[in-house]
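# A closer look at the structure
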Amino acid sequence: MLPRFILVFTSMLMLAQPVITLAQAVNPAINPSLYKLNIQTPVISTEGMVATQDKIASRIGAQVLANGGNAVDAAVAVGFALAVAHQSAGNLGGGGFMLVYLAEEDRTIAIDYREVAPLAAHRDMYLDEQGNVDIRKTRFSFASAGVPGTVLGLHHALSNYGTITWQQAIAPAIKLASEGFLMPYDFSSQLHMYKNRLSRHPATKDVYYGDDGTPIAPSELFVQEDLARTLKMISDEGPDAFYHGEIADMIVAEMERGEGIITHEDLATYSVRERETVRGTYRGYDIVSMPPPSSGGLHIIQMLNILENFNLSKMGAGSAASYHVMAEAMRYAYADRAVHLGDPDFYDVPVGWITSKEYGAELAAKIDMNRARPSSEVSAGTPTPHDSPNTTHFSIADKFGNVVSNTYTLNLSYGSGLMITGAGFIMNDEMDDFSAKPGVMNAYRLIGNEANSIEAGKVPLSSMSPTIVFKDGKPFMLSGGAGGSQIISATLQNIINVIDFDMNIAEAVNFPRIHHQWKPDKLYLQPGISPDTQAILRQYGHDLSVWEYFGRTASVAIEDGVFFGVADPRAIGGSAEAPDQID
Ligand code: GLY
């Protein structure tokens, strides 16, 4: 904890000498750029940090750290807590990706616990008689569910890299579900917003709505008995309860009542994959991220390789030039995503080529600083041989030097909206992340092709981008987020805002973002970008459009043993919590 006198002393220094920052007063050796007091400041601690999209979950994670647990212990406790408190994306019925950096071994592990297509899945399973994609089936039916990976993924992380017991990690979530919590404003408002989706199935409706159809009101106690019982079974019996036992029976029974295709065999054969991370460098920093079947890591590195060829810092944060060049980099990356990305166990993804500096330079040379190239003139590149090798994110760092960057999801907010009767949790609709038909957009308006076609046992392509930036070999920044296709561009801009524009992590996350994904050929803008800048972007030829949301990230920066945390302000309810600053 930073002693109060230092804060007072620092305030005095700030008045007298604005260039002296809080961190300089605490530790003059620290790079002042991360700490400078500006319009926004992060949460600061010397003991560790937990940043998530939910305050209750962040505090549960911080408490685990305060008890002496490591970042993985906190991550698993947070993963289960979010499944209770942040149900639009926190889950038992979904899947995700976790990056774990172990300080003692100086090693980063990429855990892929994303859903896989059930064994009965096949390429044309969502096409109607006319050959059109049936969107109700791909997004809002039990047939939209992939085989969930969260329970086994969290178990894999804890048993291999954690220090506390499985029961200790789940206990806070069981307490939260059985004793309840006061319904947060944003959760209640979402129950209004998604009422149609969440009222279609009695199991979901009974949990969220009264007999008269009224959603649970803000500040009402929200108790979830079925979910508490499910969590208790998982705690007592381990993941077997979910994949082989009573919960598996409930899932399969629900599938058989509905139009789902997940079987006992699908659940029993589900396994977690450890994969090689994807790696790149950017202006002397090392970028380590999630490999395919996530597209995020690959394309963040690809775009950084393109952008390294431009002097962003000289262009200035928020300038039309910087937004333009980022948009053009995004255009090329998302064009490649549409063609070359899929599950690497089923499709030969050209990782080395996409993440190479040479390809980055080649694409950079095509960017005209005075003109937006229409997407009709841009297509995916042709790989050359190369020999280098609604969703929620949380970032956790412990005082031992370990970090976790984790993103998991049900896909759309509240997934399919369909709960497993008696089990109290919602099933994902992750199958919509496949390309149900080449060239047809998914829920995030993303196009896919052969690489991401549906096959039994295949993992749908993801945009989830848990990322760790290293400086001088040590974790320097953790980021990632929610927001479908915008996860990739949001995480990219967080990194650029820190490295190129010298912002502290709070400024970096809060700064207005843009997004371009090749098709549709639109430059999406967040409110807050000045009309003058917009006018210049229009002159370059961009077709501007305001989109509803721009990725919601949770990020931590670390330097010289000081931790800085921030939850994205684009969603209500997130928080960064430090183990020495909880009640
Ligand atoms: N379900 C969103 C993603 O994984 O990209």
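Every value quoted in this text rests on a predicted model; they were computed, and no experiment measured them.

### Side note on the pattern of salt bridges
By the definition in use, this model includes 28 salt bridges. The residue Arg107 makes a salt bridge to Glu105 at a minimum N-O spacing of 2.8 Å. Take Arg107: its relative accessible area is 35%, and that puts it in the partly exposed class. Note on Glu105: relative accessible area 47%, which makes it partly exposed.

### Side note on the pairing of strand S18 (residues 552–559)
Counting buried residues in S18 gives 8 out of 8 residues, a clear majority hidden from the surface. Neither face of S18 is open: one carries Arg552, Ala554, Val556 and Ile558, the other Thr553, Ser555, Ala557 and Glu559, and all of them are buried. As paired strands, strand S13 (residues 474–479) and S18 are joined by 2 bridges and run antiparallel to one another. Looking across to S18, one finds that Leu478 is bridged to Val556. Two strands pair when backbone bridges link them, and strand S14 (residues 481–482) and S18 are joined in this way by 2 bridges, in the antiparallel orientation. Within the sheet, the bridge partner assigned to Ala482 lies in S18 and is Arg552. Hairpin connection from S18 to strand S19 (residues 562–567): 2 residues lie between these consecutive antiparallel strands, with Asp560 at a positive phi of about 50 degrees.

### Concerning the sheet that holds strand S10 (residues 391–398)
Hydrogen bonds between backbone atoms are what pair the strands of a sheet, whose relative direction is either parallel or antiparallel. Spatially, S7-S4-S3-S11-S10-S2-S20 is the arrangement adopted by the 7 strands of the open sheet, whose pairing is antiparallel. Of all the strands in the sheet, the pair left with one neighbour each is strand S7 (273–275) and strand S20 (575–577). Going from strand to strand, the sheet's axes swing by 15 degrees on average, the running direction of each strand aside. Bridge count for strand S3 (residues 95–102) against strand S4 (residues 107–112) is 6 bridges, and the pairing is antiparallel. Bridge pairing in S4 links Leu102 to Arg107.

### Side note on the site of the ligand
Around the ligand sit Arg114, Asn411, Glu430, Asp433, Tyr444, Ser462, Ser463 and Met464, and those are all the residues in its vicinity. In this structure, Asn411 approaches the ligand through a side-chain N or O atom, which is 2.7 Å from a nitrogen atom. Interatomic distance of 2.6 Å between a side-chain N/O atom of Asp433 and a nitrogen atom of the ligand. Within the complex, 99% of the 200 Å² of free accessible area of the ligand lies under protein. Here the ligand occupies the largest cavity. Tallied by class, residues from the shell around the ligand come to 2 nonpolar, 3 polar and 3 charged.

### Focus: empty space enclosed by the protein
Put simply, the largest cavity is a space of about 100 Å³. Forming the walls of the largest cavity are 17 residues, and the residues nearest its centre are Asp433, Tyr444, Ser462, Ser463 and Gly484. In terms of residue class, the lining of the largest cavity is made up of 5 nonpolar, 8 polar and 4 charged.

### Focus on helix H13 (residues 246–257)
Between its first and last C-alpha atoms H13 spans 17 Å; for 12 residues at 1.5 Å apiece the expected length is 16 Å, and the two agree. Of the positions making up H13, those classed as buried are Ile247, Ala248, Met250, Ile251, Val252, Glu254 and Met255.

### Brief notes about the nonpolar core
Within the largest apolar cluster, 86 residues are counted, with the highest numbers of intra-cluster contacts made by Phe80, Leu92, Tyr208, Leu231, Ile251, Ile396 and Phe425. Apart from residues lying up to four places away in sequence, Tyr208 is in contact with Gln87, Phe187, Leu191, Leu198, Thr214, Pro215, Ile216, Phe222, Tyr414, Met419 and Ile426. If you look at the next biggest cluster of nonpolar residues, it comprises 67 residues, including Leu307, Ala327, Ala335 and Phe564.

### As for the packing of aromatic side chains
Within this structure, the stated rule accounts for 16 aromatic pairs. Ring plane angle 85 degrees and centroid distance 5.6 Å describe the contact between Phe187 and Phe222, whose orientation is recorded as edge-to-face. Of this pair, Phe187 sits in helix H8 (residues 185–193) while Phe222 sits in strand S6 (residues 221–222), placing them 35 residues apart in sequence. You'll find Phe187 and Phe222 in the same group, each marked buried. Feature note: the residues Phe181, Phe187, Tyr194, Tyr208, Tyr209, Phe222 and Tyr414 constitute an aromatic cluster, connected by ring pairs.

### Description of helix H3 (residues 55–66)
Helix length check: H3 (12 residues) gives 16 Å between terminal C-alpha atoms against 16 Å at 1.5 Å per residue, within 8%. Those residues of H3 that sit buried are Ala57, Ser58, Ile60, Gly61, Ala62, Val64 and Leu65. Of the surrounding elements, those touching the buried residues of H3 are strand S2 (48–52), helix H4 (71–85), helix H7 (166–179), S10 and S20. Sitting at the amino-terminal end of H3 is Asp54, which places a side-chain oxygen 3.0 Å from the backbone nitrogen of Ile56. In the segment just after H3, Gly68 is the residue with positive phi, at about 100 degrees.

### Description of the confidence of the model for the protein chain
Averaged over all residues, the pLDDT of the protein chain is 92; the fraction at 70 or higher stands at 93%. Confidence drops under pLDDT 50 across residues 1–25; counting only partners more than four residues distant or on other chains, this segment forms 28 contacts.

### Observations regarding the side chain of Glu115
One can find Glu115 in the loop between S4 and helix H5 (135–139). It is Arg114 that comes nearest to the buried, bridge-free Glu115 among opposite-charge side chains, at 4.2 Å. At 3.2 Å, the side chain of Glu115 and the backbone nitrogen of Gly95 are in polar contact. Residue contacts for Glu115: discarding those within four places in its chain leaves Gly94, Gly95, Gly146, Val147, Pro148, Tyr270, Thr409, Asn428, Glu430, Val459 and Pro460.

Parameters at a glance
- Sequence order as written defines the numbering, with residues in each chain counted from 1.
- Given that the model is predicted, a residue must reach a pLDDT of at least 70 before its local features are reported, and side-chain atom pairs must reach 80 or more before they are shown or counted; all residues, however, enter totals for whole chains, interfaces and linings.
- To get the side-chain values, all heavy atoms of the structure are used, and hydrogens and water are removed first.
- Each salt bridge in this description consists of a side-chain nitrogen of Lys or Arg and a carboxyl oxygen of Asp or Glu lying within 4 Å of one another.
- Buried residues are those whose accessible area, probed at 1.4 Å on protein chains only, stays under 20% of the maximum for their type, while exposed residues exceed 50% and partly exposed ones sit between those limits.
- What counts as a helix is a DSSP run of H or I of at least four residues, what counts as a strand is a run of E of at least two, and both are numbered from the N terminus.
- A pair of strands is treated as paired once DSSP finds two or more bridges between them.
- Angular values range over 0 to 180 degrees, each being the angle between N-to-C directions of two axes fitted as lines to C-alpha atoms, with helices fitted over their stretch in contact.
- The near set for a molecule or strand comprises every residue that places at least one heavy atom within 4 Å of it.
- Polar contacts, as used here, are pairs of N or O atoms within 3.5 Å; protein pairs need one atom able to donate a hydrogen and one able to accept it. Residues neighboring in sequence count only if both atoms are side-chain atoms.
- For accessible areas, the Shrake-Rupley method is used with a probe of radius 1.4 Å. Any residue's cover is judged against the shown protein chains and nothing else.
- The distinction between a cavity and a pocket rests on a 1 Å grid over the protein atoms alone: a 1.4 Å probe fits inside a cavity but cannot get out, while a pocket stays open yet meets protein on both sides within 12 Å along at least five of seven lines, and a residue with an atom within 4 Å of a point counts as lining.
- Molecule-in-pocket calls rest on the fraction of atoms, with more than half required to lie within 2 Å of the cavity or pocket grid points.
- The nonpolar class holds Ala, Val, Leu, Ile, Met, Phe, Trp, Tyr, Cys and Pro. Asp, Glu, Lys and Arg form the charged class, and all remaining residues, Gly among them, are polar.
- Grid points are joined across faces, edges and corners, and a volume is the space filled by probe spheres set on the points.
- To estimate how far a helix should reach, multiply one less than its number of residues by 1.5 Å.
- In plain words, nonpolar cores are sets of buried Ala, Val, Leu, Ile, Met, Phe, Trp, Tyr and Cys residues tied together by side-chain atoms within 4.5 Å.
- Contacts were defined at the residue level, with two residues in contact if any of their heavy atoms lie within 4.5 Å.
- Two rings from Phe, Tyr or Trp (for Trp, the six-membered ring) form a pair when their centres are within 6.5 Å of each other. A pair whose planes differ by under 30 degrees is stacked, one over 60 is edge-to-face, and the rest are tilted.
- For every residue, the pLDDT score states the predictor's confidence, bounded by 0 at the bottom and 100 at the top.
- All tallies of charge rest on Lys and Arg as positive and Asp and Glu as negative; His and the ends of each chain are not included.

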